[in-house]
Amino acid sequence: MQLLFILLVVAGGMGLSVEAGLLGPLGSEVGDLWATFSIFGVGAALTFLLMLFFSPRNSPSFFAQPSWTLLGGILGPIYVVILTVAVPTIGIAMTMIGILAGQVFKSLVIDHYGLFGTAHRKIDSKRIIALIFIIAALVLVAKG
């Protein structure tokens, strides 16, 4: 089962690279914020349809959740604007490796301290080495 989830997140990462490739040219044509809005508009419409047909009807109330859990709604558009602005300047590979470096670094911190209600997963030497390899990839792609 774990292998399936690993394959799913790799596919999701590939999807983000495609999204970045689409956002750069779209942002150049219609403007960075309009490109971001269009991505979220299409995503919201698709999510609404999925919820309409597949969401359980007896799930806990959305409004009963802690308000801090909604901060992801702020971070998502910031991320997409960064993609839209960065891709035309530094390219998809450099943008994605930079984002990956930031994600892995912050993920290690979140896991280590069990932030946001996640399970504690201590930072060990293997995780640090993985982060170093990602940072090395960032440096190599930047210099290439």
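Residues numbered from 1 in each chain as written. Predicted model: local features only at pLDDT ≥ 70, side-chain atom pairs only at ≥ 80, totals over all residues. Heavy atoms only, no water.

Visitor: Could you clarify how one ought to interpret the environment of Ile123 in this entry?
Guide: Structurally, Ile123 can be placed in the loop between helix H4 (92-113) and helix H5 (125-143). In sequence terms Ile123 and His112 are 11 residues apart; their C-alpha atoms lie 5.6 Å from each other. Aside from chain neighbours lying at most four places away, what touches Ile123 is Leu108, Val109, His112 and Ile128. (Helix = DSSP H or I, 4+ residues; strand = E, 2+ residues; numbered from the N terminus. Contact = heavy atoms within 4.5 Å.)

Visitor: What should I look at first to understand the nonpolar core in this one?
Guide: Within soluble globular proteins, side chains that are nonpolar generally end up buried alongside one another. Formed by Ala20, Leu23, Ala35, Val80, Leu83, Val87, Met96 and Ile99, the largest nonpolar core amounts to eight residues. Elements supplying a minimum of two residues to this core: helix H1 (2-30), helix H3 (72-90) and H4. Here the element with the most residues in this core is H3; it accounts for three residues. Membership of the second largest hydrophobic core comes to five residues, among which are Ala101, Val104, Leu131 and Ile134. (Core = buried A, V, L, I, M, F, W, Y, C linked by side-chain atoms within 4.5 Å. Buried < 20%, exposed > 50% of the residue type's maximum accessible area, 1.4 Å probe, protein only.)

Visitor: Explain the packing of aromatic side chains here, please?
Guide: In this description, a pair of aromatic rings is defined by centroid distance and the angle of the planes. Taken as a whole, this structure holds two aromatic pairs when the rule is applied. Aromatic pair Trp34 and Phe37: ring centres 5.9 Å apart, planes at 90°, arrangement edge-to-face. In this pair, Trp34 and Phe37 are both assigned in helix H2 (residues 32-54), three residues apart and thus about one turn of the helix distant. An identical accessibility class is assigned to Trp34 and Phe37; each is exposed. (Phe/Tyr/Trp six-rings, centres within 6.5 Å; stacked < 30°, edge-to-face > 60°.)

Visitor: In this structure, what is going on with the pattern of salt bridges? I would like to understand it.
Guide: Oppositely charged side chains can pair when the atoms bearing their charge come close. For the structure on display, the rule yields one salt bridge. With its nearest N and O atoms 3.3 Å apart, the salt bridge here joins Asp111 to Arg127. With Asp111 in helix H4 and Arg127 in helix H5, this pair connects stretches of sequence that are 16 residues apart. (Salt bridge = Lys/Arg side-chain N within 4 Å of Asp/Glu carboxyl O.)

Visitor: Even after reading the chapter, I still don't get the environment of Val85, so can you show me in this structure?
Guide: Inspection of the secondary structure assignment puts Val85 in helix H3. What makes Val85 partly exposed here is its relative accessible area of 42%.

Visitor: What should I look at first to understand unusual backbone geometry in this one?
Guide: Trans peptide bonds make up the majority, and among non-glycine residues the majority have a negative phi. The backbone of Phe116 sits at a positive phi, close to 60°, despite the residue not being glycine. Looking at the secondary structure, you find Phe116 in the loop between H4 and H5.

Visitor: Whenever I open this one, the packing of H3 against H4 confuses me. Can you help?
Guide: Between two packed helices, what matters for the description is the angle formed by their axes and the separation of those axes. For the pair H3 and H4, the least separation of the axes is 7 Å and the interaxial angle reads 140°. Judged on the interaxial angle alone, H4 and H3 are oblique. Residues Tyr79, Leu83, Ala86, Val87 and Ile90 of H3 form the contact with H4, whose participating residues are Ile92, Met94, Thr95, Met96 and Ile99. (Axes fitted to C-alpha atoms, helices over the stretch in contact; angles between N-to-C directions. Parallel < 35°, antiparallel > 145°, perpendicular 65-115°, else oblique.)

Visitor: Looking at this structure, how should I read H4?
Guide: Side chains that are three or four residues apart share a direction in an α-helix, a result of its 3.6 residues per turn. With 22 residues, H4 should reach 32 Å at 1.5 Å per residue; the first-to-last C-alpha distance of 31 Å fits that figure. Among the residues making up H4, those that are buried are Met94, Thr95, Met96, Ile97, Ile99, Ala101, Val104, Leu108, Ile110, Asp111 and His112. Those residues of H4 that are buried are in contact with H1, H3 and H5. (Expected span 1.5 Å × (residues − 1).)

Visitor: What exactly am I supposed to notice about the environment of Val81 here?
Guide: Mapped onto the elements of the fold, Val81 is located in helix H3. Accessibility expressed as a relative area gives 24% for Val81, which makes it partly exposed. C-alpha of Val81 to C-alpha of Ser125: the two residues are 44 residues apart in sequence and 34 Å apart in space. Ignoring any residue separated from it by four or fewer positions in sequence, one finds Val81 in contact with Leu33 and Thr36.

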